[in-house]
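What the coordinates show
In case you want the letters, here they are:
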Amino acid sequence: MALGIGSAGARIVSALSKETTLVDRFAYLSCDPADLESVDGGEKLLIEGPIDQKLTPAMVRGLSIRYQSEMRRLVEGAKVVFIVAGLGRATGSGLAPVVAELAKDSGADTVSIAVMPFGFEEKLRFYAGLALRRLRGVSRGVVVVDNDTLLKSTSDATLKEIYDLANSEAVTALGSLLSRQSDDSIPVGLNKVLGTVFEDGYSFLSSASSGSVDKTEEALSRAVIGISKRAETKEANHAVVVLTGDSALRAGETATAVKRLGSMFGNGAIDVEYSVSYRGGSQLQVSVLASGFKATRYDEYDPLASLRTVMDDSMEYSLPSGLEGVPSCE
Ligand SMILES: Nc1nc2c(ncn2[C@@H]2O[C@H](COP(=O)(O)OP(=O)(O)OP(=O)(O)O)[C@@H](O)[C@H]2O)c(=O)[nH]1
Ligand SMILES: [Mg+2]
């Protein structure tokens, strides 16, 4: 199943539900009714709280205590749970680690897909870094999608356009990774995708498109550069490359991508799988899912990270003012 948490999570999973053919069940969890109204179908759970206060991740967790059994029910029975959330604000950062842990306790293999803040959202970095580390602690695999690497230029676009563009790039990549074989695609298969992300450390998903003469080289380099800004490429040990283009996509282009990727990652010693989808346009989109990264640059977002191993690092739960005495939260 796939579960979208918060505004970004809900939008991405809702778009993914139209692309993937491998996920049976979709669910959405948010503190904002608008997130749930905007998605079609699937199960929905609203965590209610005061509308007159700005929430923090700890407050969202405090509010969610009353909904433990409903949250558990959302993930119950699934073999693999993909949790998708944008990190850095209240809902996604607060709830993604809680639900990942519930899913793990229910016996599922949990893959958390963490969408990291844009460069212009510096204020969100602290909570994003903290939530990412917490997700790592409770998930079988963590896939990092950096919003900055999903976009070429943000200068004259509205925020809605930026989100839509980033989502379409991410959903095309995720949809190709999570699809069954069909007339217009040769997927890698779920076992290989899971084999890639069920690693210690972090996985990254990055993608880029190109329509130039050297489109494979150009898009691949840009996708890999996106990852190299956030992690050490030599640490990668497994990768899946996804090529999405039109029917003119040649086998030679796949071979080039696989070979080039092998030389760009892991000092040449990397296991590369590939997937091809002919559902794209004349631009070639190259998406790279690479895993085995021991650390990420986001660790620097949390200046206390090195201290947390020696202090009480359990997740904080708090409540908005006025709700401190709610009996069911005691
Ligand atoms: N790619 C992408 N990123 C988004 C989208 N919506 C929000 N984000 C990013 O995701 C991160 C978290 O933002 P939201 O998802 O809006 O936050 P939330 O989890 O709903 O939290 P609150 O609204 O504060 O309760 C930020 O870095 C946003 O820029 C989206 O539709 N697509
Ligand atoms: Mg929101």
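Data block above holds the structure.
Now for a look at the structure at hand. In this text the structure is predicted, and so the values were computed from the model without any measurement.

Helix and strand counts for the protein stand at 11 helices and 11 strands. Each principal axis of the C-alpha atoms in the protein carries an extent, and together these give about 65 × 45 × 45 Å. Relative to its 330 residues, the protein shows a buried fraction of 55%. Long-range pairs, those at least 24 residues apart, make up 78% of the contacts in the protein with a sequence separation of at least 6. Seen as two clouds, the 34 positive and the 43 negative side-chain charges of the protein have centres 3 Å apart.

Before going further, it helps to spend a moment on empty space enclosed by the protein. Under the definition given, this model contains 2 cavities of 30 Å³ or more. Considered as a void within the structure, the largest cavity measures approximately 70 Å³ in volume. Along the walls of the largest cavity sit Phe82, Val111, Ile113, Val143, Leu174, Leu177, Leu178, Val193, Leu194, Val197 and Leu289, which together make up its complete lining. Every element with two or more residues in the lining of the largest cavity is listed here: strand 5 (109-116), helix 7 (159-177) and helix 8 (190-197). In terms of residues, the lining of the largest cavity owes the most to one element, helix 8, which gives 3 residues.

Surveying the vicinity of ligand 1 reveals 19 residues, the closest of which are Arg11, Thr91, Gly92, Glu121 and Asn167. Between ligand 1 and the protein, one listed contact pairs an oxygen atom with a side-chain N or O atom of Arg11 at 2.7 Å. For ligand 1, an oxygen atom lies 3.1 Å from a polar atom in the side chain of Tyr163. Protein chains shield 90% of the accessible area of ligand 1, which is 640 Å² for the free molecule. Comparing atom positions with the cavity grids shows ligand 1 to sit within the largest pocket.

The subject of this paragraph is the sheet that holds strand 9 (residues 238-244). Read across the sheet, 11 strands follow the order 3-2-1-4-5-6-8-11-9-10-7 without closing on themselves; strand pairing throughout is mixed. Every interior strand has two partners, whereas the edge strands, strand 3 (43-46) and strand 7 (185-186), have only one. Inspection of the sheet shows strand 4 (residues 80-86) paired to strand 5 by 7 bridges, in the parallel sense. Across the sheet, the residue bridging to Val84 is Ile113, located in strand 5. Strand contacts of helix 1 (residues 6-16): strand 1 (2-5), strand 2 (26-30), strand 4 and strand 5, with the helix running at about 145° to strand 1, the strand carrying the most contacts. Where helix 7 meets the sheet, its contacts fall on strand 5, strand 8 (202-210), strand 9, strand 10 (271-277) and strand 11 (284-293), and the angle it forms with strand 8 comes to roughly 115°.

Turning next to the pairing of strand 6 (residues 141-146). Burial within strand 6 is extensive, with 6 of its 6 residues counted as buried. Crossover connection from strand 5 via helix 6 (residues 125-138) to parallel strand 6: handedness right-handed. Pairing between strand 6 and strand 8: 2 bridges, direction parallel. Bridged to Val143 within strand 8 is Ser203.

Turning next to the nonpolar core. Within the largest apolar cluster, 68 residues are counted, with the highest numbers of intra-cluster contacts made by Leu3, Phe265 and Val288. At 7 residues, the largest contribution of residues to this core is made by helix 5 (residues 91-105). Residues within four places of Val288 in sequence aside, it is in contact with Phe204, Leu205, Ser206, Leu220, Ala223, Ile227, Val240, Val241, Leu261 and Phe265. Within the second largest apolar cluster, 36 residues are counted, among which are Leu150, Leu177, Leu194 and Val242.

Turning our attention to the pattern of salt bridges. For the coordinates displayed, the defined rule picks out 13 salt bridges. Between Arg140 and Asp109 there is a salt bridge whose closest N-O contact spans 3.1 Å. Of the two residues, Arg140 is situated in the loop between helix 6 and strand 6 and Asp109 in strand 5; the sequence distance between them amounts to 31 residues. Judged by its relative accessible area of 44%, Arg140 is partly exposed. Shared partners join several salt bridges into a network, and the residues in it are Asp146, Asp148 and Arg230.

Its place among the elements puts Ser139 in the loop between helix 6 and strand 6. Residue Ser139 is classed as buried on the basis of its relative accessible area of 7%. In terms of polar contacts, Ser139 uses its side chain to reach the side chain of Ser112, at 2.8 Å. Those residues in contact with Ser139, other than ones at most four positions away along the chain, are Ala100, Thr110 and Ser112.

Reading the values: rules and limits
- Residues numbered from 1 in each chain as written.
- Chains lettered and ligands numbered in written order.
- Predicted model: local features only at pLDDT ≥ 70, side-chain atom pairs only at ≥ 80, totals over all residues.
- Heavy atoms only, no water.
- Helix = DSSP H or I, 4+ residues; strand = E, 2+ residues; numbered from the N terminus.
- Buried < 20%, exposed > 50% of the residue type's maximum accessible area, 1.4 Å probe, protein only.
- Contact = heavy atoms within 4.5 Å.
- Lys, Arg positive; Asp, Glu negative; His and termini not counted.
- Charge placed at Lys NZ, Arg CZ, Asp CG, Glu CD.
- 1 Å grid on protein atoms, 1.4 Å probe; cavity = no way out; pocket = protein on both sides within 12 Å on 5 of 7 lines; lining within 4 Å.
- Points joined across faces, edges and corners; volume = space filled by probe spheres on them.
- Near = heavy atom within 4 Å.
- Polar contact = N/O pair within 3.5 Å; in protein donor to acceptor, adjacent residues only side chain to side chain.
- Areas by Shrake-Rupley, 256 points an atom, 1.4 Å probe, with all protein chains shown as cover.
- Sits in = over half its atoms within 2 Å of the grid points.
- Pairing = 2+ DSSP bridges.
- Axes fitted to C-alpha atoms, helices over the stretch in contact; angles between N-to-C directions.
- Right-handed = clockwise from strand over helix to strand, strands pointing away.
- Core = buried A, V, L, I, M, F, W, Y, C linked by side-chain atoms within 4.5 Å.
- Salt bridge = Lys/Arg side-chain N within 4 Å of Asp/Glu carboxyl O.

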